[in-house]
Structure formats: structure tokens, C-alpha cells
Amino acid sequence: FTDTLTASATTAVGEPHLAITNVIIGGEQVQGGTMNYSETITNDGAGTAYDIVASDVAAQYLENITNISIGASSGGVILPTGFTTDGTSWSTSAFTIPVGGSITVTFSADIAGDAPIGTNIAPNTVTATYSSQQGTSAAVERDGSDGGEQDDGINLNNYNVEADPSATLTVFPIELLSFDAQWKD
């Protein structure tokens with residue numbers, strides 16, 4: 001007599017997936033004016049995103065990046081321990097975002113004094129690379145080393161994402177932003 005036993009198990013494989021929003025939150029759109037940005041990175045995937053490094057390179061005519069800070073975080077994010085900047089770009093140290101967590105980075109950038117009036121300043125682009133496991137062992141984790149975007153379906157190690165802001169900036173003459181209205185009877 002032979003008895004056959006069968007067993008089955010279901011295993012859910014969860015991968016991290018990052019979404020980035022990049023928003024201009026105000027400022028003076030004139031030569032020498034300061035613009036303020038808010039960039040939110042959210043893990044909308046099914047696994048924790050580790051070793052995230054976010055960076056942003058300012059568009060032409062944007063300079064003097066300052067006031068880089070964490071505006072908010074939620075969902076158990078392990079925050080970056082610092083930022084680096086050279087005045088025209090910034091990047092974070094590595095950080096972690098669990099499923100459903102998010103982090104918002106805010107910063108300011110000046111419009112160059114020689115930006116031509118009427119120029120549309122192209123959006124700056126925030127990027128992030130990340131991995132699927134904590135640490136740096138390429139043998140056991142997926143990361144962004146193959147290039148490509150996280151949703152490209154071509155590269156295995158495609159944990160890279162980027163986002164542009166929703167609007168471009170137009171440089172206006174300062175006279176259009178301030179005036180003194182006088183009424184006559």
C-alpha cells in the first residue's frame with residue numbers, strides 16, 4: 001500500500017516600487033528670485049525599498065541650491081543622515097522606505113541673474129536608485145545597476161525612478177511682479 005502526500009504553499013513575492021512627485025511650491029519667478037521645491041518619494045510597492053539615494057540636478061538658470069531639509073516623513077522611514085550639494089545639485093545619504101511610507105525633501109534654488117526674460121526654465125529632475133535588500137551584496141539583491149526605469153520590463157536590476165515637476169518656470173521682468181496702483185478722481 002502506497003500513500004501519496006501532497007502539500008502546497010503560497011508565497012507572495014513583494015518588490016519595492018517608488019513613486020516621486022516634484023512640485024514647485026512658490027517663489028519669485030524673476031532674475032535673482034528664489035524658487036521653492038517639494039519632492040515626495042513614496043513606496044507604493046509590496047516590499048521595503050533599501051539603500052535609497054535621491055538626487056536632483058538643477059535645470060539651466062537655476063543655481064545656489066540651499067535650505068535642503070526633510071519636510072515630512074511617514075510610515076517608519078529610516079531617514080537619510082545628510083545631504084550633499086555643490087550649489088547646482090543635491091543628493092541624500094542612503095535611507096529606507098517601508099511599504100506605504102514616504103519622505104518629502106524641500107529645498108530652494110535661485111534663478112540666475114542672467115536668465116533671459118521670457119525664458120522657460122526646463123523642469124529639474126529628481127531621481128532615486130534603490131535596492132530590494134538591506135546591504136550591498138549584489139549576489140542576493142536587485143538594485144539599479146543595470147540602468148533603465150523600474151517599470152521598463154527589460155532590465156532585471158532596474159530599481160531607478162525619476163520625476164519631473166508638473167510645470168516649467170517662465171522668467172518675468174521684475175516690473176510685472178510689483179507695481180503701485182494710483183487712482184485719480
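Throughout what follows, the structure given in this document is the object of discussion.

Parameters at a glance
- Residues numbered from 1 in each chain as written.
- Predicted model: local features only at pLDDT ≥ 70, side-chain atom pairs only at ≥ 80, totals over all residues.
- Heavy atoms only, no water.
- Helix = DSSP H or I, 4+ residues; strand = E, 2+ residues; numbered from the N terminus.
- Buried < 20%, exposed > 50% of the residue type's maximum accessible area, 1.4 Å probe, protein only.
- Areas by Shrake-Rupley, 256 points an atom, 1.4 Å probe, with all protein chains shown as cover.
- Patch = residues over 30% accessible without salt bridge, like charges linked within 9 Å, V, L, I, M, F, W, Y side chains within 5 Å.
- Salt bridge = Lys/Arg side-chain N within 4 Å of Asp/Glu carboxyl O.
- Lys, Arg positive; Asp, Glu negative; His and termini not counted.
- Charge placed at Lys NZ, Arg CZ, Asp CG, Glu CD.
- Contact = heavy atoms within 4.5 Å.

Let us look at the overall build of the chain. Summing up its helical and strand segments, the chain has one helix and 12 strands in all. Mapped from its N terminus to its C terminus, the chain presents α and β elements in the order β-β-β-β-β-β-β-β-β-β-β-β-α. Here the chain holds 185 residues, and the buried ones make up 38% of them. For the chain, the computed accessible surface area is about 10400 Å², with 51% contributed by carbon and sulfur atoms.

Moving on, we get to a negative patch on the surface. On the surface, D44, E149, D151 and E162 cluster together into a patch of negative charge. Structurally, the position occupied by D44 is in the loop between β2 (34-43) and β3 (49-57).

With respect to the helices, strands and loops of the structure, T88 is situated in the loop between β5 (83-85) and β6 (89-92). What makes T88 partly exposed here is its relative accessible area of 38%. Taking the C-alpha atoms as reference points, T88 and Y61, 27 residues apart in sequence, are found 9.6 Å from one another. Residues contacting T88, with those up to four places away along its chain left out, are D56, V57, A58 and I65.

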